Amino acid sequence: MASLAPTRAHEIQSEKGNPHWTRLASESALDHIPGEDGWPLVGTTFQQLADPIGFGQRMQARHGPVFRTRSFGRRQVTLIGPDANELVLFDRDKLFSSEQGWGPVLNLLFPRGLMLMDFAGHRADRRALSIAFKPEPMRHYCDLLNSDIARVVEGWGEGERLFYPAIKALTLETAATSFLGLPFGPEADRLNQAFVDMVQAAVAPVRRPLPFTAMGKGVAGRKLMVDYFTRLLRERRANPGQDMFSQFALARRDGEVEGELLAEDVVVDHMIFLMMAAHDTITSSFTTLIWQLAAHPQWQDKLRAEARAAASGTGSLGGKIMPYDALGQMEQADMAFKEALRIMPPVPSTPRRALREFTFGGHHIPAGTMVGISAAAVHADPATWPDPERFDPLRFTPEAVAARHKYAWIPYGGGAHMCIGLHFAVMQTKVLLHHILSRYVVETAPGYAPAWQAWPIPKPRDGLRITFRRIS
Ligand code: HEM
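About the criteria used
Residues numbered from 1 in each chain as written. Predicted model: local features only at pLDDT ≥ 70, side-chain atom pairs only at ≥ 80, totals over all residues. Near = placed C-beta within 6 Å. Helix = DSSP H or I, 4+ residues; strand = E, 2+ residues; numbered from the N terminus. Nonpolar A, V, L, I, M, F, W, Y, C, P; charged D, E, K, R; others polar. Axes fitted to C-alpha atoms, helices over the stretch in contact; angles between N-to-C directions. Parallel < 35°, antiparallel > 145°, perpendicular 65-115°, else oblique. Left-handed = near helix turned anticlockwise from the far one by under 90°. Contact = placed C-beta atoms within 7 Å. Expected span 1.5 Å × (residues − 1). Buried ≥ 20, exposed ≤ 12 C-beta atoms within 10 Å, placed from the backbone. Pairing = 2+ DSSP bridges. Core = buried A, V, L, I, M, F, W, Y, C linked by C-beta atoms within 7 Å.

(A) Main features of the site of the ligand. Near the ligand lie 23 residues; those nearest to it are Ala277, Thr281, Gly413, Cys419 and Gly421. For the shell around the ligand, the secondary structure elements donating two or more residues are α12 (264-295) and α17 (422-437). Of the residues that constitute the shell around the ligand, the class distribution is 15 nonpolar, 7 polar and 1 charged.

Structural data, given as structure tokens:
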């Protein structure tokens, strides 16, 4: 209960600081939408946080695919189903604001990232940043990923290991080298801590940066990152490398005069946001994949054989690395990763704010309504995915994909805000798979069923106990 007042204070702060935002719809304007207000003061917040999928399923069973809840101090409307996903993500009529959907959660620590922008401004910056994901820079990141991952995975050795913290640390290390062009060391370590504090603060219930609170630490972390990145940006502009930050440092918006680069603070905010968007999503999804491969040794064997063939067919290093040009051959790995993202989408739901009124499923939804869609709910719907808890990568053969609604699988979102880093995520996954599966067999204890924490990004509560057995 104590968390409600600070949440409201934060919300007011965000709304006030952004006078161009559409005014939130009044509570009574949503009376006609079926749903529940939950308990006094806290509404449905705690039920949603404790078990988002189960809660969504119960609400849908009681009220249908359009329902109202009351969380984080205000009423919201959830739309469930592939058609709802298409309406909100494709957003043909420019009805929905991503900035005003995510802003209340992310604005204080990660302002002005791509997800916090809309329409023409968003399109211009997104196009400018997309140079960092073209084949040439991707090839360079792939080389760095191979060397960082090979060294760390080799050092893991045999025995039981908590997989989630291990892969989180490794992913931070790879981010330092491929995103920032920094060797891993005390400097990168300090930045990582600042970054972890910011992510923690983004979902902290107390929203004021008071001393000793998560938000206090987060704001201090942001200051450190901004100062450091501003200095680094000047260095990269004077002397660019091949890292992602150097690409952003040299990015220009379309039509801008030759020589005019994005402003320093714009590049710094985009880079900080991107690190946040990349880090926990890769960590969470790769953890799901390894958990499933440990539980399904036949798929593990297939992926090991496929990676071995891909790596040995190209390059001169005798299969020791996974070359960029060989990634396309890992088709079964692609399907298995898609299935892991279906089972446990790292971004389980996506918020937007309606800029104008609209109608969906026979319900009139007023302007200013906070609207959410749920990848987690749609990915678990047995009508689309028979036996949805079963890990079955064959759900992603080209024929199976062609037979399904395009918006039935949305781990990367869709439309204008579709994940800009999805190919990077797939590349890192394949390089990780190659280095892990070529050295080890991964196993879990028989009957092992780890509990997962759903919020803010899914992770196994016990860290995921995986046993590594070296392949001789
Ligand atoms: C498996 C890993 C990942 C998943 C599941 C994922 C998921 C998502 C989703 C669902 C969105 C759209 C959110 C919305 O529409 O509101 C998104 C956007 C974004 N992602 Fe990812 N992401 C992943 C990895 C990455 C990586 C590796 C990077 C960077 C290298 C990245 C950078 C971004 C950025 C910058 C956006 C904002 C795009 C925009 O608004 O135009 N993501 N991601």
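(B) Spatial organisation of the packing of α12 against α17. Interaxial distance between α12 and α17 falls to 11 Å at its minimum, and their mutual angle equals 45°. As far as their axial angle goes, α17 and α12 are oblique. Two packed elements cross with a definite hand, and for α12 against α17 that hand is right-handed. Touching Thr281, Ile282, Phe286 and Leu289 of α12 are Ala425, Gln428, Thr429 and Leu432, all from α17. Residues that form the contact of α12 with α17 fall into these classes: 5 nonpolar, 3 polar and no charged.

(C) View of helix α7 (residues 135-156). The terminal C-alpha atoms of α7, which comprises 22 residues, lie 31 Å apart, in line with the 32 Å expected from a rise of 1.5 Å per residue. If you check which residues of α7 are buried, you get Tyr141, Cys142, Leu145, Asn146, Asp148, Ile149 and Val153. Buried residues belonging to α7 abut α8 (163-179) and α17. Of the residues one or two after α7, glycine 157 is the one with positive phi, at around 70°.

(D) Structural view of the pairing of strand β5 (residues 349-354). In terms of residue burial, β5 counts as a mostly covered element, since 5 of its 6 residues are buried. Judged from the 2 bridges that link them, strand β3 (residues 96-97) and β5 form a sheet pairing that is antiparallel. Bridged to phenylalanine 96 within β5 is alanine 354. Sheet topology note: the β5/strand β8 (residues 370-374) ladder contains 5 bridges and is antiparallel. Bridge pairing links proline 351 to glycine 372 in β8.

(E) Looking closely at the nonpolar core. Core analysis: the largest hydrophobic core is formed by 91 residues, its most contacted members being Met271 and Ala307. Counting residues per element, this core draws most heavily on α12, at 15 residues. If we ignore the near neighbours within four places in the chain, the residues touching alanine 307 are Met322, Met330, Ala333, Leu433, His434, Leu437 and Ser438.

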